[in-house]
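# Secondary and tertiary structure notes
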Amino acid sequence: MPAREMRMEMFLGALLKRDFSRAKGHLEKLQKMAGSDEWGRGYGKAINGFMSAIKDNDPNSLIVQLISEHDRKKAEKLLEHFQGILEHEFRDEYEKGYYTAWVEFLRAYLSQKTLS
C-alpha cells in the first residue's frame, strides 16, 4: 500500500476516534506528501474539509452523514462516482487532487472492519 494511502487510513482512524490532535498531525503529513502545486492544493482542501466537518459535527456535511450512517452501499456509490469524475479529461489539477483525496478517504473508510 502506498504511503499516502496508509497515512489516509491513520488520518481516518484518528477522525473516527475524534482525536483531532493526532488527526492534525496526519493531515499535515498528508499535505506535505501531496505538495503545494494545484493538485496538492485541491487534495489539501478536501482533507481540511473532512477534518473541519467532523470536528464541527456538521449534519449537512456529506462526510458526517457517511460516518454516522455506516452505509457501505452509499460509500461504494460515492467512491464509484468520484472515480468517474477523475476520469474526465477536462478536470483541472486542483479538481483531480480534490477528488483523489475523496477516493482515498472512501477506500480507507470502506476498509474499516466496523463496516463489514
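Look up a bit, the structure's there.
Now for a look at the structure at hand.

## Considering helix H2 (residues 20-34)
An ideal rise of 1.5 Å per residue puts 21 Å on 15 residues; H2 measures up with 20 Å between its terminal C-alpha atoms. Of the positions making up H2, those classed as buried are Phe-20, Ala-23, His-26, Leu-27, Leu-30 and Ala-34. Seen end-on, H2 carries its buried residues on one side only, within an arc spanning 115 degrees. Pointing more than 90 degrees away from the buried face of H2 are the exposed residues Ser-21, Arg-22 and Lys-32. In the core, the buried residues of H2 are packed alongside helix H1 (3-16) and helix H3 (38-56). Trailing H2 by a residue or two, Gly-35 shows a phi angle of about 90 degrees, which is positive.

## Regarding the environment of Leu-78
Along the chain, Leu-78 turns up in helix H5 (residues 72-86). Look at Leu-78 and you get buried, because its relative accessible area is 14%. When the C-alpha atoms of Leu-78 and Ala-53 are compared, they prove to be 17 Å apart, with 25 residues separating the residues in sequence. The contact partners of Leu-78, leaving out residues within four places of it in the chain, are Leu-62, Leu-66 and Leu-106.

## A word on the packing of H1 against H3
Where H1 contacts H3, the two axes come as close as 10 Å, and the packing angle between them is 20 degrees. Relative to H3, H1 is oriented roughly parallel. The two elements H1 and H3 cross, and the hand of that crossing is right-handed. Every residue of H3 that contacts H1 at Arg-4, Met-8, Phe-11 and Leu-15 is listed here: Trp-39, Tyr-43, Ile-47, Phe-50, Met-51 and Ile-54. Taken together, the residues that form the contact of H1 with H3 break down as nine nonpolar, no polar and one charged.

## Considering helix H4 (residues 62-69)
Looking only at H4, the buried set comprises Ile-63, Val-64, Leu-66 and Ile-67. The buried residues of H4 all sit within an arc of 160 degrees when viewed along its axis, so they share a single face. Considering only its buried residues, H4 is in contact with H1, H3, H5 and helix H6 (93-110). Once H4 finishes, His-70 follows within two positions and takes phi at roughly 50 degrees, a positive value.

Parameters and conventions
Residues numbered from 1 in each chain as written. Predicted model: local features only at pLDDT ≥ 70, side-chain atom pairs only at ≥ 80, totals over all residues. Heavy atoms only, no water. Helix = DSSP H or I, 4+ residues; strand = E, 2+ residues; numbered from the N terminus. Expected span 1.5 Å × (residues − 1). Buried < 20%, exposed > 50% of the residue type's maximum accessible area, 1.4 Å probe, protein only. Arc of directions from axis to C-beta. Contact = heavy atoms within 4.5 Å. Axes fitted to C-alpha atoms, helices over the stretch in contact; angles between N-to-C directions. Parallel < 35°, antiparallel > 145°, perpendicular 65-115°, else oblique. Left-handed = near helix turned anticlockwise from the far one by under 90°. Nonpolar A, V, L, I, M, F, W, Y, C, P; charged D, E, K, R; others polar.

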